[in-house]
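The lines below spell out each chain.
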Amino acid sequence: MLLATRRHVPRMADLTPAEWQEFQMVTAALEPALERAFGAALINMAYQRNWAYRVAEPDPPFKGGRPNPHVHWHLTPRYAQPVEFGGLIFDDPTFGEPFEWRTVDVPAQIRRAIIERLRAQLGVVLE
């Protein structure tokens, strides 16, 4: 999961007190929701400032089809055992060690189902 600021924030130190409070509230809700939704044993969180140094185009929404969120965090559920969802098996071969990024092709309908399950855990209803 990618958690990003709504405005251009070049570094965590530039978050306002209200943004810090919202960040704490959001992560306090997301962490247990991710654990409940799919049985994650733990959650890793990585903070990144990629692209925050740009001056020419400091706030583009996407670069090469990928989000360009400046200050952002990756929330990564970690699993001690493989998890089956939508007919796919999700495994975590480095569980208990630093997370290693790898590409996993997840069809759009399964991505939507993952999002819906997480929304249900959070109590988020979109109209």
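Residues numbered from 1 in each chain as written. Predicted model: local features only at pLDDT ≥ 70, side-chain atom pairs only at ≥ 80, totals over all residues. Heavy atoms only, no water.

### With respect to the nonpolar core
If you look at the biggest cluster of nonpolar residues, it comprises 21 residues, and the most contacted ones within it are L3, W73 and L75. The leading source of residues in this core is helix 1 (residues 17–38), at six residues. Excluding residues within four positions of it along the chain, L75 makes contact with M1, L3, L30, L34, I43, N44 and M45. (Core = buried A, V, L, I, M, F, W, Y, C linked by side-chain atoms within 4.5 Å. Buried < 20%, exposed > 50% of the residue type's maximum accessible area, 1.4 Å probe, protein only. Helix = DSSP H or I, 4+ residues; strand = E, 2+ residues; numbered from the N terminus. Contact = heavy atoms within 4.5 Å.)

### Considerations on the sheet that holds strand 5 (residues 72–78)
The strand order across the open sheet built from three strands is 1-5-2, with neighbouring strands paired in antiparallel fashion. Single-partner strands in this sheet number two, and they are strand 1 (2–4) and strand 2 (42–48). Neighbour-to-neighbour, the strand axes of this sheet turn through a mean angle of 25 degrees, independent of strand direction. Of the strand pairs in this sheet, strand 2 and strand 5 are connected by seven bridges, and their pairing is antiparallel. Across the sheet, the residue bridging to Y47 is W73, located in strand 5. (Pairing = 2+ DSSP bridges. Axes fitted to C-alpha atoms, helices over the stretch in contact; angles between N-to-C directions.)

### With respect to the environment of D91
The topology assignment puts D91 in the loop between strand 7 (88–90) and helix 2 (108–122). Look at D91 and you get partly exposed, because its relative accessible area is 39%.

### Regarding the side chain of T5
Residue position: T5 is located in the loop between strand 1 and helix 1. Residue class for T5 comes out buried when judged on its relative accessible area of 19%. Engagement of the side chain of T5 in a polar contact is seen with the backbone oxygen of R7, the distance being 2.7 Å. (Polar contact = N/O pair within 3.5 Å; in protein donor to acceptor, adjacent residues only side chain to side chain.)

### Focus on the pattern of salt bridges
Taken as a whole, this structure holds five salt bridges when the rule is applied. We note a salt bridge from R11 to D14, for which the minimum N-O separation is 3.6 Å. Taking the relative accessible area as the measure of exposure, R11 reaches 39% and is therefore partly exposed. The partner of R119 in a salt bridge is E116, with the nearest N and O atoms 2.6 Å apart. On the criterion of helical spacing, the pair formed by R119 and E116 is a turn pair, its members being three residues apart in helix 2. (Salt bridge = Lys/Arg side-chain N within 4 Å of Asp/Glu carboxyl O.)

### What about the packing of aromatic side chains?
This structure, assessed with the given rule, holds five aromatic pairs. Where F38 meets F85, the ring centres are 5.1 Å apart and the plane angle is 90 degrees; that geometry is what we call edge-to-face. With a gap of 47 residues between them, F38 in helix 1 and F85 in strand 6 (residues 83–85) connect regions that are remote in the sequence. You can call F85 buried: its relative accessible area is 11%. (Phe/Tyr/Trp six-rings, centres within 6.5 Å; stacked < 30°, edge-to-face > 60°.)

### What to know about the pairing of strand 5
In terms of residue burial, strand 5 counts as a mostly covered element, since six of its seven residues are buried. Pairing geometry for strand 1 and strand 5, over three bridges, is antiparallel. Counterpart to L2 in the pairing with strand 5 is H74.

### What to know about helix 2
For helix 2, which comprises 15 residues, the first-to-last C-alpha distance of 21 Å matches the rise-based estimate of 21 Å (1.5 Å per residue) to within 8%. The positive-phi residue at the C-terminal boundary of helix 2 is G123, with phi of around 75 degrees. (Expected span 1.5 Å × (residues − 1).)

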